[in-house]
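Commentary on secondary and tertiary structure
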Amino acid sequence: QVQLAESGGGLVQAGGSLRLSCAASGRIFSINAMGWYRQAPGKQRELVATITSGDSTNYADSVKGRFTISRDNAKNTAYLQMNSLKSEDTAVYYCNADIRMTFPRTLRNYWGQGTQVTVSS
């Protein structure tokens, strides 16, 4: 089995920074794209940022220039550095990844359980 575990969420004042981590564990053969999504109360889950295995990145317009996604392939971990946080960034942040297990070698999509980010104004 494979698990994704997020960490690094918390309460921060507007203008502050947080760094989220997403560690994949289990019988992992390879990881393709990884990404971060978020869901605010009463709203649909939305894309925040993605990163491919070749380190190509994509960001939602609302976070461009403030958030940076990165990954450490040796650690099977993705990161989301969030700067200049705004109250509208308040949400549960979820990690997502396309992972191929050692056996069977099926590519599947996985979600973490989420970590709360609260930005106070």
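Described in the following lines is the structure provided in the data block. (Residues numbered from 1 in each chain as written. Predicted model: local features only at pLDDT ≥ 70, side-chain atom pairs only at ≥ 80, totals over all residues. Heavy atoms only, no water.)

All right, on to the overall build of the protein then. Counting secondary structure elements, the protein contains zero helices and 11 strands. For the protein, the N- to C-terminal ordering of α and β elements is β-β-β-β-β-β-β-β-β-β-β. Taken over the C-alpha trace, the protein has a radius of gyration of 14 Å; the compact-globule value for 121 residues is 14 Å, and the two agree within 12%. The principal-axis extent of the C-alpha atoms belonging to the protein is close to 50 × 25 × 25 Å. Residues counted as buried form 39% of the 121 residues belonging to the protein. Of the contacts made within the protein by residues no fewer than 6 positions apart, 56% connect residues no fewer than 24 positions apart. In the structure as shown, the protein presents an accessible area of about 6400 Å², 46% of it carried by carbon and sulfur atoms. (Helix = DSSP H or I, 4+ residues; strand = E, 2+ residues; numbered from the N terminus. Rg over C-alpha atoms; globule rule 2.2 N^0.38 Å. Buried < 20%, exposed > 50% of the residue type's maximum accessible area, 1.4 Å probe, protein only. Contact = heavy atoms within 4.5 Å. Areas by Shrake-Rupley, 256 points an atom, 1.4 Å probe, with all protein chains shown as cover.)

Pairing is antiparallel in the open sheet, where four strands are placed in the order 1-3-8-7. Looking at strand neighbours, the two that pair on one side only are strand 1 (2-7) and strand 7 (67-72), the edges of this open sheet. Geometrically, the sheet is characterised by an average inter-axis angle of 15° between neighbouring strands, direction not taken into account. For strand 7 and strand 8 (residues 77-82), the ladder comprises six bridges, and the chain directions are antiparallel. Within strand 8, the residue paired with F67 across the bridge is M82. (Pairing = 2+ DSSP bridges. Axes fitted to C-alpha atoms, helices over the stretch in contact; angles between N-to-C directions.)

Glancing now at the packing of aromatic side chains. Inspection of the entire model under this criterion finds two aromatic pairs. Measuring from ring centre to ring centre gives 6.5 Å for Y94 and W111, while their planes differ by 85°; the resulting arrangement is edge-to-face. Remark: W111 occurs in strand 10 (residues 107-111) and Y94 occurs in strand 9 (residues 91-101); sequence separation between them is 17 residues. Classification of Y94 as buried rests on a relative accessible area of 14%. Of the aromatic side chains, those joined through ring pairs into one cluster are Y37, Y94 and W111. (Phe/Tyr/Trp six-rings, centres within 6.5 Å; stacked < 30°, edge-to-face > 60°.)

Mapped onto the elements of the fold, G65 is located in the loop between strand 6 (57-59) and strand 7. In the structure, G65 is positioned 19 residues away from S84 in sequence and 9.3 Å away in space, judged by C-alpha atoms.

Attention now goes to the side chain of E6. One can find E6 in strand 1. Lacking a salt bridge, the buried E6 has R45 as its closest oppositely charged neighbour, with an N-O distance of 7.6 Å. Reaching out from E6, the side chain makes a polar contact with the backbone nitrogen of C95 at a distance of 2.8 Å. Among the polar contacts made by the side chain of E6, one reaches the main-chain amide nitrogen of Q113 at a distance of 3.1 Å. (Lys, Arg positive; Asp, Glu negative; His and termini not counted. Salt bridge = Lys/Arg side-chain N within 4 Å of Asp/Glu carboxyl O. Polar contact = N/O pair within 3.5 Å; in protein donor to acceptor, adjacent residues only side chain to side chain.)

Further remarks concern the pattern of salt bridges. Scanning the entire structure with this criterion turns up four salt bridges. Between D89 and R38 there is a salt bridge, with the nearest N and O atoms lying 2.9 Å from each other. Of this pair, D89 sits in the loop between strand 8 and strand 9 while R38 sits in strand 4 (residues 28-39); the two residues are 51 residues apart in sequence, bridging distant segments of the chain. Looking at R38, the relative accessible area reads 6%, which means it is buried.

Fair warning: the whole summary comes from geometry, so function is off the table for now.
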